[in-house]
Amino acid sequence: MAMSGILEGIVKGLSGILPQDDPDVKIFNAQNDLKDLTQKEEAAYARLGRQIYESDGAERFPELKAELERLDIEKGTARQRIQVAKEEKAAKERAEAEEAAHRETEEVSRCCPNCGSYNPEGTNFCQECGSKLSAPISTGKRFCPNCGIEIAAGNHFCGSCGTKVE
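Positions within a chain are numbered from 1, following the residues in the order the chain's sequence is written. Only residues with pLDDT of 70 or above have their local features reported here, since the model is predicted, and side-chain atom pairs are shown and tallied only from 80 upward, although totals for entire chains, interfaces and linings are computed over all residues. Note that water and hydrogens are dropped before the side-chain values are worked out from all heavy atoms of the structure.

1. Regarding the confidence of the model for the protein chain
Close inspection of predicted coordinates is inappropriate for parts of the model with low pLDDT. When pLDDT is averaged along the protein chain, the result is 84; 89% of the residues meet or exceed 70. Mean pLDDT across the elements of the protein chain ranges from a minimum in helix H1 (residues 2–15), with 69, to a maximum in helix H3 (residues 62–109), with 92. pLDDT: the predictor's confidence for each residue, scored from 0 to 100. Only DSSP runs of H or I reaching four residues or more are called helices, and only runs of E reaching two or more are called strands; each is numbered from the N terminus.

2. Brief notes about the side chain of Asn119
One can find Asn119 in the loop between H3 and strand S1 (142–143). Within the structure, the side chain of Asn119 is placed 3.0 Å from the backbone oxygen of Ser117, a separation counted as a polar contact. Within 3.5 Å is the distance limit for a polar contact, defined as a pair of N or O atoms, with the added protein rule that one can donate a hydrogen and the other accept it, and that residues adjacent in sequence qualify only through two side-chain atoms. At 2.8 Å, the side chain of Asn119 forms a polar contact with the backbone nitrogen of Gln127.

3. Some details on a nonpolar patch on the surface
Two joining distances apply to patches: 9 Å for like charges and 5 Å for nonpolar side chains (Val, Leu, Ile, Met, Phe, Trp, Tyr), and every residue must have over 30% relative accessible area and no salt bridge. Accessible surface is estimated by sampling points in the Shrake-Rupley manner with a 1.4 Å probe; for residues, cover comes only from the protein chains shown. A pair is scored as a salt bridge if a Lys or Arg side-chain nitrogen falls within 4 Å of a carboxyl oxygen belonging to Asp or Glu. Taken together, the side chains of Tyr45, Leu48, Ile52, Phe61, Leu64, Leu68 and Leu71 define a hydrophobic patch exposed on the protein surface, amounting to about 580 Å² of accessible area. Breaking the nonpolar patch down by element, the ones donating at least two residues are helix H2 (23–60) and H3. Checked against the element boundaries, Phe61 lands in the loop between H2 and H3. Judged by relative accessible area, which is 30%, Phe61 ranks as partly exposed. Exposure categories follow from relative accessible area, calculated using a 1.4 Å probe and restricted to protein chains: below 20% of the type maximum is buried, above 50% is exposed, and the middle band is partly exposed.

4. Some remarks on H2
Note on bend: at a given residue it equals the angle between the axes fitted to the 7 residues ending there and to the 7 starting there. Its maximal kink placed at Glu54, H2 deviates by approximately 70°. Along H2, the positions that sit buried rather than exposed are Val25, Asn32 and Gly57. One side-chain oxygen at the N-terminal end of H2 lies 2.7 Å from the backbone nitrogen of Asp24; it belongs to Asp22.

Have a look at this one:
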């Protein structure tokens, strides 16, 4: 509905620059004038109907009263659906922001503190400058802080160089 209103506005604007003596432009302009007048008429009837209903229409038109009450309940339900959808959207946006922050943190943690180069998971030494990384990129495995070899679970010393492993 909103899209058709936008298109109508564009076409209406374009009709102002077309030759006004063209029969098609005259027809289009007259149809638009008729549509605008009909909408104004409907709005006036709506205001009249509201005034009559508010004065004594609820008693005179019980079926209209029931319909208006039903519509009011349906509007409340629609407002609740809008609120739920907005909350879902906000939660989704928060989750996406948290995921992006997590990815950024993970990306930064894979960078060499010396040269800033990215290193893949499980790397102990920078592949660009050869600097020892302060901690291997996390894979859930343990590595020797001295030589970088993988340490078996439960071991307290490196089997390669003898360094104590925390």
